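Reading the structure
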Amino acid sequence: MDREKLITMLHDMLLARAFEERAAEEYGRGNIAGFLHLYPGEEAVAVGVLHAAEPSDYIVSTYREHVHALVRGIPANSVMAELFGKKEGCCRGMGGSMHLFDRERRFMGGYAIVGETYPVATGIGYTIAMRDLPEAVICFFGDGAVNQGTFHESLNMAALWDLPVLFVCENNHYQIGTEIHRHSAVPEVYKRACGYHIPARKVDGMDVLAVHQATQEALTQIRNGTGPQFIEFETYRFRGHSMADPGSYRPRVEVKAYEKEDPITIAIAESLPVYPSSEQIAAAGPDSIDQLATHLDQAGHLSSETLAELKAGVAETVEAAVRFATESPEPSLADAQACLDCNRGMEVLI
Amino acid sequence: MSDTVFYWQALNQALDMELAEDDSVFVLGEDVGLYGGSYRVTEGLYAKYGEWRLRDTPISEGSFTGLGVGAALVGMRPVVEIMTINFALLALDSIINMAAKVPFMSGGQFPMPLVIRMPDGVAKQLAAQHSQRLEQTLMNVPGLRIAVPATPQDAWWQLRQAIRSDEPIILLEHALLYFSKGLLDTSREAPPMHRARVHRPGKDLTIVTYSRMLDLSLRAAEQLAEKGIEAEVIDLRSLRPIDWATCATSVDKTHRLLVVEEDSCYAGTGAEIAAGLTEHCFFNLDAPPVRIGGKELPIPFNATLEAACIPRPSDIVRAAEILCSR
């Protein structure tokens, strides 16, 4: 991976963090309402996975999808305006935080009923396989979603018909407030995929390079026509489930421990022209990563000036997005009707 | 070119034509492929079009219906067959939360050219879990359209129109209609998909009905004619939207409304029809509208009780006579 791509990935992670923290502030100000599920802590997964995907691939995501949308290239303005429920949002204010869609970028939606992403991804995968195209579908879901029936139904079909779907579990250990050992008889999520003969592995989701590499490998396999792949990324959300959730069910010591593994800190440390393999990093463990980070920082591969520029850049992007969202007009009821009537000939049907 | 065919054959021909004309059409469901469909609707098509276009699915209603949603998002025209509407309860998330919502929630970016076909209604001693109607469950969902073909001709027209439409359309096919016969004229131009049809003109009362109850209502109308009462019988053909204009024109003429549905009346389809037409025609009504429907019971297995739980022609005749005496 070249340095430029690494810096871009770092940029995206910084943007993700800044965007989400600002969304929380705007929620506090009353500019965003409803359910708001934030992503801080999990940035390495979205960034690592989506930077390994091609523009022709399809992305199916959940209700915690602002960052997936941003990394996929939906402008921050458009995402923030949607969070504000405005007409210039990516879904004209009809979807909101949990339902971001972008046809041009093949961002096939945020789905807010847990477990819906599997059948949608399977259907897109079915079409790709039927048409014999080189594309793939990336299907995001959380650890809580693996207990839905659609998980088993859809994995079975994807495997049965060798569909080009990459199942990506963002395992942040909590289904809202219930820790994985209390909601899952098999807490090693990836093992469930083995029940359907889907190649599956578990990867450190706090390490963006490991995420990227694992995704690339899986997508290569998928494009070879060998059917679906499954990756469980172990990650952690620093905030509660949504803005309505203080996350008080989690031991402080656990939150602190994960904060030490902040993927952004790790990514900064790793934004280098030369870096160790993800196996080495994984083998070394988080303590070694901290040591490595210190070492790389001292070696000056990522200058503090570059980092400061990146941070200033994303701050300006987020500031501009809030301005854009604030100034964007409210949609009308006629706009809402037009959205429902997309490509419909209501007037000729009766 | 007209021919007398079974209802299932009309559906089969419609599918065959659409599969031949558009390679983005595919059919999926339980036993739709090799087996040929539990009511023979897909008979012979697997051999002709292959497994990708006639896809036998596992028993996973929620996910294979959702698969149809995903495929429709990328421009396919999936025809999902759910073996009976009773199993569709397992797929309501895909139907109501996804198919009906995605075009809207995406701000109009993604049309949903999805067709979901399913048998419904009381058949022959299938017991309570296999004898439901449930159309009212789906009628209340903005974003869905519901067609209820009652004849082979309508089955052929409406399935083809549904496949060509860019919106999610549900076809409810009464299980007892598959082996009913009727004329199919493939050269006739189709009326708009959701237009109601006056099957029999009359001046004394309007009977509004749909699906299998059309046949019973027409039989009742013949008996009424012998008694000097001329009933106008309207087949709705569509439950969402409802063609109010055709119905209101009739009620304004006859001044009396009788609604016949197979399901129980409580919060049902007939309630919507009666309420809507009362609003449209209140000052032209000579008597309060009357609804006839099934008993407020799960359908019993016992054959005699089963028959007693849904309207019979004699029930329609009696209700019409009382209505016309007011």
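Turning our eyes to something else, we now look at the interface of chain A and chain B. Listed per partner, the contact involves 36 residues of chain A and 39 residues of chain B. Residue assignment for the side of chain A that touches chain B shows that the elements contributing at least two residues are β2 (107-110), α5 (117-131), α6 (149-160), α14 (333-340) and α15 (346-349) of chain A. Sort the elements by how many residues they give to the side of chain A that touches chain B and α5 of chain A lands first, with 10 residues. For the side of chain A that touches chain B, the class distribution of residues is 20 nonpolar, 11 polar and five charged.

For the rest of this paragraph, the subject is the environment of Phe140 of chain A. Residue and element names in this part refer to chain A. Topologically, Phe140 is positioned in strand β3 (residues 137-142). As a C-alpha pair, Phe140 and Ala121 span 19 residues in sequence and 9.2 Å in three-dimensional space. Ignoring sequence-local partners within four residues, the contact set of Phe140 consists of Val60, Ser61, Thr62, His68, Thr117, Val168 and Glu170.

Now for the packing of helix α9 (residues 244-254) of chain B against helix α10 (residues 269-281) of chain B. Residue and element names in this part refer to chain B. Remark: α9 packs on α10, axes separated minimally by 10 Å, with the N-to-C direction vectors making an angle of 60°. In this view, α9 runs oblique relative to α10, as classed from their interaxial angle. Crossing hand, α9 versus α10: right-handed. The residues of α10 that touch α9, namely those facing Trp244, Cys247, Ala248, Val251 and Asp252, are Gly276, Leu277, His280 and Cys281. Partitioning the contact of α9 with α10 into residue classes produces six nonpolar, two polar and one charged.

To continue, consider the confidence of the model for chain B. Predicted confidence across chain B gives a mean pLDDT of 97, with 100% of residues reaching 70 or more. Predicted complex metrics record ipTM = 0.96 and pTM = 0.93.

Attention now moves to unusual backbone geometry. All names here are of chain B. The omega torsion of the bond from Arg240 to Pro241 falls at 0°, within 30 degrees of zero and hence cis. As for its position among the elements, Pro241 is in the loop between β12 (238-240) and α9. Positive phi is not limited to glycine here, since Asp31 has a value of about 60°. Note that Asp31 resides in the loop between β2 (25-29) and α2 (45-49). You can call Asp31 partly exposed: it has 15 C-beta atoms within 10 Å. A positive phi is found at Arg237, a non-glycine position, where the angle reads about 65°. Topologically, Arg237 is positioned in the loop between β11 (231-235) and β12.

Quick notes on the rules
Residues numbered from 1 in each chain as written. Chains lettered and ligands numbered in written order. Predicted model: local features only at pLDDT ≥ 70, side-chain atom pairs only at ≥ 80, totals over all residues. Contact = placed C-beta atoms within 7 Å. Helix = DSSP H or I, 4+ residues; strand = E, 2+ residues; numbered from the N terminus. Nonpolar A, V, L, I, M, F, W, Y, C, P; charged D, E, K, R; others polar. Axes fitted to C-alpha atoms, helices over the stretch in contact; angles between N-to-C directions. Parallel < 35°, antiparallel > 145°, perpendicular 65-115°, else oblique. Left-handed = near helix turned anticlockwise from the far one by under 90°. pLDDT = per-residue confidence, 0-100. Buried ≥ 20, exposed ≤ 12 C-beta atoms within 10 Å, placed from the backbone.

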